[in-house]
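An overview of the molecular structure
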Amino acid sequence: EIEVSFQFVKYIYDMLQVLFPPFYRVVSDSEYDEDTGIMTLRYFENKDEVLKEFGDRVEEILEASVCEGDTDIMKALGIYNYMTPRCVYDYASVDDHYADVSSYRGIMTFTGICQTFAGAYTYLIIQAGVTATSVVAFSQDLASHEWCVARFGDEYYFIDPTFDCGMSSVMY
């Protein structure tokens, strides 16, 4: 148990999407007590199995897309070129507030929406050693979109796997 504010809890949940994609598959329930500031997590019984399957999947993707000695840019491009042709955009999830749009789903099935792909891609390149985060923004009509920002040397680059979703070559 840890003592935190509600805003911090929301921030942690959002960050777990990128930093620990299996979170929503291993945590069965959480409870936040505003009076004490304590958040309690309960885990599913199959937590270890889910974590092993996830770890194996990440290892499979990285082994297929990153070579020893690759620069950070080569790692990011290798993962992008492995991931985006396999991605399937789930149009039904766009307006479904209960749909699984987690980065976990993106890594395990390559199916989802921008939030799914940005989180999954960001997690994968972080695992390969690239400094990155996912970013979300809203347009003037309040439509949201999520993508990745990665640092190569002293420069930051926007990377958006959603726009090449299902493509066999890099278009965006």
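The following paragraphs examine the structure supplied in this document. (Residues numbered from 1 in each chain as written. Predicted model: local features only at pLDDT ≥ 70, side-chain atom pairs only at ≥ 80, totals over all residues. Heavy atoms only, no water.)

1. Side note on the overall build of the chain
The helix and strand inventory of the chain stands at six helices and eight strands. In sequence order, the chain lays out its α and β elements as β-α-α-β-β-α-α-β-α-β-α-β-β-β. Taking contacts inside the chain between residues at least 6 apart in sequence as the whole, the part at least 24 apart equals 50%. Put simply, the chain shows about 10,300 Å² of open surface, and 53% of that area lies on carbon and sulfur atoms. (Helix = DSSP H or I, 4+ residues; strand = E, 2+ residues; numbered from the N terminus. Contact = heavy atoms within 4.5 Å. Areas by Shrake-Rupley, 256 points an atom, 1.4 Å probe, with all protein chains shown as cover.)

2. Looking at the pattern of salt bridges
Pairing between side chains becomes possible if they bear opposite charge and their charged atoms approach one another. Tallied over the entire structure, the rule returns four salt bridges. Between Asp56 and Lys52 there is a salt bridge, with the nearest N and O atoms lying 2.8 Å from each other. Taken together, the residues Asp56 and Lys52, both in helix α3 (residues 47-65) and four residues apart, mark about one turn of the helix. The salt bridge partner of Asp90 is Arg105, with a shortest N-O separation of 2.9 Å. One end of the pair, Asp90, is in the loop between β4 (88-89) and α5 (103-109); the other, Arg105, is in helix α5, with 15 residues separating them in the sequence. (Salt bridge = Lys/Arg side-chain N within 4 Å of Asp/Glu carboxyl O.)

3. Looking at the nonpolar core
Side chains that are nonpolar tend, in soluble globular proteins, to be buried together. Ranked by internal contacts, the top residues of the largest apolar core, which has 33 residues, are Ile79, Met83, Ile107, Tyr121, Ile125 and Ala150. Broken down by secondary-structure element, the contributors of at least two residues to this core are α2 (23-26), α3, α4 (72-83), α5, α6 (114-127) and β7 (144-152). When residues in this core are grouped by element, the largest group, six residues, is from α6. (Core = buried A, V, L, I, M, F, W, Y, C linked by side-chain atoms within 4.5 Å. Buried < 20%, exposed > 50% of the residue type's maximum accessible area, 1.4 Å probe, protein only.)

4. Thoughts on the side chain of Asp90
Among the residues examined, Asp90 registers a relative accessible area of 16% and is labelled buried. Side chain to side chain, Asp90 and Ser93 meet in a polar contact 2.4 Å long. In this structure, Asp90 is in contact with Arg105, Thr111, Gly112 and Ile113, ignoring residues within four places of it in sequence. (Polar contact = N/O pair within 3.5 Å; in protein donor to acceptor, adjacent residues only side chain to side chain.)

5. Remarks on the sheet that holds β7
Taken in spatial order, the three strands make up an open sheet running β6-β7-β8, and their pairing is antiparallel. Each having just a single partner strand, β6 (131-138) and β8 (155-159) make up the two edges of the open sheet. Strand-to-strand twist of the sheet, defined as the mean angle between neighbouring strand axes without regard to direction, takes the value 30°. Alignment of β7 against β8, held across five bridges, turns out to be antiparallel. From the neighbouring strand, Cys148 faces β8, where its bridge partner is Ile159. Sitting on the sheet, α6 is in contact with β6, β7 and β8, with an inclination near 15° to β7. (Pairing = 2+ DSSP bridges. Axes fitted to C-alpha atoms, helices over the stretch in contact; angles between N-to-C directions.)

6. Considering α6
The first and last C-alpha atoms of α6 sit 20 Å apart over 14 residues, in line with the 20 Å expected at 1.5 Å per residue. A large share of α6 lies buried, amounting to 11 of its 14 residues. A positive backbone phi angle near 105° is found at Gly129, which sits one or two residues after α6. (Expected span 1.5 Å × (residues − 1).)

7. Observations regarding the packing of aromatic side chains
Under the definition given, this model contains seven aromatic pairs. Between Phe54 and Tyr104, the ring centres sit 5.6 Å apart and the planes meet at 20°, which makes this aromatic pair stacked. Taken as a pair, Phe54 in helix α3 and Tyr104 in helix α5 lie far apart in primary sequence, 50 residues in all. Accessibility expressed as a relative area gives 4% for Phe54, which makes it buried. The class for Tyr104 is buried, based on a relative accessible area of 8%. (Phe/Tyr/Trp six-rings, centres within 6.5 Å; stacked < 30°, edge-to-face > 60°.)

8. A closer look at unusual backbone geometry
Phi at Phe110 is positive, roughly 55°, even though this residue is not glycine. Mapping Phe110 onto the fold places it in the loop between α5 and β5 (111-112).

What is shown is where atoms sit, not what they do.
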